Each structure stands twice: as C-alpha cells, then as structure tokens.
Amino acid sequence: MALVRYEPWNLFDKFQRELNRLNLFDQLEEGESDNSNVVTSAWRPAVDIREEANRFVIIADVPGVDPKDIEITMEQGVLTIKGERASDKEESHEGYRRVERVRGSFYRRFSLPDSADAEHIEAHGKNGVLEIILPKLEKTQPRKISVKS
C-alpha cells in the first residue's frame, strides 16, 4: 500500500499560479483599473518601465516585429502601443522538414503621470526591442500671489 501525502493548500497554490500566469492576481490584489492587464491580443510583449531624473523610459520586447508595423498613440494621458508580428521560419534537412510560424497582434496601454511631456515623446526600434522615451515636464516654480484689498 502506498502512502499519499495530503497537501490542503495545494489547490490554492495551483489557483494562484494560474492567476499569475494570466496576470490577474496582481489585478485582484491591487484593484487596478487601467486595463493594461486585460487580454485583448494574441500575445503580450514584456515591458520594463523606469523613471530617471529627467525622463521615463519604456522598453518593450517585440521580437519579430518590424518597427514600421508598430503604432504608438498618446491620448488623454494614456500611451497605447499596437503592433503585429508575422514570421515564418523554414528548415529542411535530409529526412525532415520543419516550419515554424509566429503570428499575432499585441495591444498595451499605459497611464502616464502628469509630469510626462506628451508633446516630445520619442520611439526607437532595433533588434526586436522598442524603446519609448517620455521626457518630464520642466518643473514650474511656485508663484507668490498677492492678495489685494
């Protein structure tokens, strides 16, 4: 007779792993409402966002996507990145033939802080990496307002 170990939390662990895989766990935990994690496309490129002293930098991994096929728009404080990839790789050797096809569109949205300068956004694409640079607005100095009687 074999002994089977019972793990009461195993079902919850599986459920959490599935939510993480779908990127829904963070949404439930933090109550996000910007819809950037909503699955609206066939694939979702990995994105890194960092803040520097005078700019924000968004770096997206978009392998197989020609930079000309990427559409970046900015509207009402929301940056949208859309694109599509289509790639066929064929390999033939003696005794076999292999064809790999990678297809799909992507759609990502990011809410930008008020300090981002929407008028001077730049984007560069090279070797499957998209870099979007969002400069920060110049800080305005506080102004003293006199009260008239």
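Residues numbered from 1 in each chain as written. Predicted model: local features only at pLDDT ≥ 70, side-chain atom pairs only at ≥ 80, totals over all residues. Heavy atoms only, no water.

**Q** Would you mind showing me how to read the overall build of the protein here?
**A** Of the regular secondary structure elements, the protein holds two helices and seven strands. Taken over 149 residues, the protein has a buried fraction of 21%. In the protein, the proportion of contacts linking residues at least 24 apart, taken out of those at least 6 apart, comes to 46%. Within the structure as shown, the protein displays about 12100 Å² of accessible surface, and the carbon and sulfur contribution to it stands at 49%. (Helix = DSSP H or I, 4+ residues; strand = E, 2+ residues; numbered from the N terminus. Buried < 20%, exposed > 50% of the residue type's maximum accessible area, 1.4 Å probe, protein only. Contact = heavy atoms within 4.5 Å. Areas by Shrake-Rupley, 256 points an atom, 1.4 Å probe, with all protein chains shown as cover.)

**Q** So what exactly am I meant to see when it comes to the sheet that holds strand β1 (residues 47-51) here?
**A** The strand order across the open sheet formed by four strands is β1-β2-β7-β6, and the pairing between neighbours is antiparallel. At either end of the open sheet lies a strand with only one pairing partner, and these are β1 and β6 (122-126). Pairwise comparison of adjacent strand axes, ignoring direction, gives a mean angle of 15 degrees for this sheet. As paired elements, β1 and strand β2 (residues 55-61) share five bridges and run antiparallel to each other. Directly across from I49, in β2, lies its bridge partner I58. (Pairing = 2+ DSSP bridges. Axes fitted to C-alpha atoms, helices over the stretch in contact; angles between N-to-C directions.)

**Q** What am I meant to see in the side chain of R85 here?
**A** Along the chain, R85 falls in strand β4 (residues 78-93). Of the buried charged residues, R85 lacks a salt bridge, with E84 as the closest side chain of opposite charge at 9.4 Å. Not counting residues within four places of it along the chain, the set of residues in contact with R85 comprises W43, P63, G64, V65, V102, R103 and G104. (Lys, Arg positive; Asp, Glu negative; His and termini not counted. Salt bridge = Lys/Arg side-chain N within 4 Å of Asp/Glu carboxyl O.)

**Q** Whenever I open this one, the sheet that holds β4 confuses me. Can you help?
**A** In a beta sheet, neighbouring strands pair by backbone hydrogen bonds and run either parallel or antiparallel. Across the sheet, three strands lie side by side as β3-β4-β5; this open sheet has antiparallel pairing. Of all the strands in the sheet, the pair left with one neighbour each is β3 (71-75) and β5 (96-111). Across the sheet, the axes of successive neighbouring strands diverge by a mean angle of 10 degrees, strand direction being ignored. Both β4 and β5 contribute to a ladder of 16 bridges, which runs antiparallel. Note that in β5 the partner of K82 across the bridge is Y107.

**Q** It is not clear to me how the nonpolar core should be interpreted in this structure. Could you clarify?
**A** In terms of nonpolar packing, the biggest core is built from 16 residues, with V62, I70, I81, F106, L130 and I132 touching the most fellow members. At the level of elements, β2, β4, β5 and β7 (129-135) are the ones that each hand at least two residues to this core. Leave out the neighbours within four places in its chain, and I70 touches V62, V65, I81, K82, G83, F106 and L130. (Core = buried A, V, L, I, M, F, W, Y, C linked by side-chain atoms within 4.5 Å.)

**Q** Where do I start with the pattern of salt bridges in this structure?
**A** Pairs can form between side chains of opposite charge once their charged atoms are near each other. Enumeration over the complete set of coordinates arrives at seven salt bridges. Across the pair R50 and E52 runs a salt bridge whose closest N-O atoms are separated by 2.8 Å. Look at R50 and you get partly exposed, because its relative accessible area is 37%. With its nearest N and O atoms 2.5 Å apart, the salt bridge here joins E51 to K136.

**Q** For this particular structure, what's the right way to read the environment of K82?
**A** Within the secondary structure, K82 sits in strand β4. Judged by relative accessible area, which is 34%, K82 ranks as partly exposed. Taking the C-alpha atoms as reference, K82 lies 5.6 Å from F106; in sequence the two are 24 residues apart. Leaving out residues up to four positions away in the same chain, K82 has contacts with D69, I70, E71, F106 and Y107.

**Q** Which parts of the structure should I look at to understand the environment of R97?
**A** With respect to the helices and strands, the residue R97 is situated in strand β5. On the basis of relative accessibility, which here comes to 58%, the residue R97 falls in the exposed class. Not counting the four nearest positions on each side in its chain, R97 is found in contact with E90, E91 and S92.

That is the geometry; function is a separate question.
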